[in-house]
Amino acid sequence: SWTGISATISRRILTFTKDKIGKNDDESYYSWLMSEISHKLYVDDFDLSHIDIASFKTLTEKMLRVGAFFEVIYEVLMLGWFFIERGDFEKARDMAGLLGRVGAEYDNDHAKVEQLFLEVRLSIEQGRLKEAIDAAHKGILLAERLELRPKHFGFLNVKARAHVLLGDQEGSETCFK
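These numbers were taken from a predicted model, which means no experiment stands behind them. (Residues numbered from 1 in each chain as written. Predicted model: local features only at pLDDT ≥ 70, side-chain atom pairs only at ≥ 80, totals over all residues. Heavy atoms only, no water.)

A. How the structure looks around the packing of aromatic side chains. The full count for this structure, using the stated rule, is six aromatic pairs. Positioned over the ring face of Phe117 is Lys151, at 4.6 Å from the centre of the ring. (Phe/Tyr/Trp six-rings, centres within 6.5 Å; stacked < 30°, edge-to-face > 60°. Lys NZ or Arg CZ within 6 Å of the ring centre and 35° of its normal.)

Next up, the structure:
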């Protein structure tokens, strides 16, 4: 597995630790949930049917109130990726909207960047390539302003990919000039 721990051992760790979390320990449960989603995405079966999205959103709101922005942003982002991979674009768009709300309400640039990146991936998967190029361009400008070089490069990559999928070789080449 990508973690260096076998899928079987990591599953056992997640199963064991879930029962050790206190009923009112939302932060620990949210961290566990993030690990569960990561495991399902990267080394397991992609089955998140046991996660109630309404409860997830309620817990997310609690986490925002205590300032757990990093955890919320990556939890929501991973769920968005999961929904894209499963072809559930409506739920993926809902996750992008949640990131947008976090970015706007809390003036959180990190959430704004990840919202744009999720929107680009979603638009590409749905074949809305011009929309993907527009969102990638906004992401490039935001990542430049924030001096986030890896994200900047990531946005350039997905913008070039959208151009290639459109059959626009020249547009793709200009992304890296």
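B. Seen up close, the pattern of salt bridges. If you walk through the whole model with that rule in mind, you get 14 salt bridges. Where Arg101 meets Glu61, a salt bridge forms, and the shortest distance between an N and an O atom there is 2.2 Å. With Arg101 in helix α5 (residues 89-105) and Glu61 in helix α3 (residues 53-65), this pair connects stretches of sequence that are 40 residues apart. Under the relative-accessibility criterion, Glu61 is labelled partly exposed at 25%. (Salt bridge = Lys/Arg side-chain N within 4 Å of Asp/Glu carboxyl O. Helix = DSSP H or I, 4+ residues; strand = E, 2+ residues; numbered from the N terminus. Buried < 20%, exposed > 50% of the residue type's maximum accessible area, 1.4 Å probe, protein only.)

C. Layout of the side chain of Glu75. Mapping Glu75 onto the fold places it in helix α4 (residues 69-86). With no salt bridge to any partner, buried Glu75 finds its closest opposite charge in Arg11, at an N-O distance of 12 Å. Beyond its immediate stretch of four places on either side in the chain, Glu75 contacts Tyr30, Leu33, Met34, Ile37 and Phe56. (Lys, Arg positive; Asp, Glu negative; His and termini not counted. Contact = heavy atoms within 4.5 Å.)

D. Expanded view of helix α8 (residues 149-165). With 17 residues, α8 should reach 24 Å at 1.5 Å per residue; the first-to-last C-alpha distance of 24 Å fits that figure. Looking only at α8, the buried set comprises His152, Gly154, Phe155, Leu156, Val158, Lys159, Ala160, Ala162 and His163. Of the surrounding elements, those touching the buried residues of α8 are α6 (109-125), α7 (129-146) and α9 (169-174). Looking one or two places after α8, you find Gly167, whose phi comes out positive at around 85°. (Expected span 1.5 Å × (residues − 1).)

E. Region of the structure containing the environment of Thr60. Take Thr60: it is sitting in helix α3. Overall, Thr60 belongs to the buried group, its relative accessible area being 0%. Between the C-alpha atoms of Thr60 and Glu27, which are 33 residues apart in sequence, the distance is 9.8 Å. Those residues within four positions of Thr60 in sequence are excluded, and the remaining contacts are Tyr30, Val72 and Leu98.

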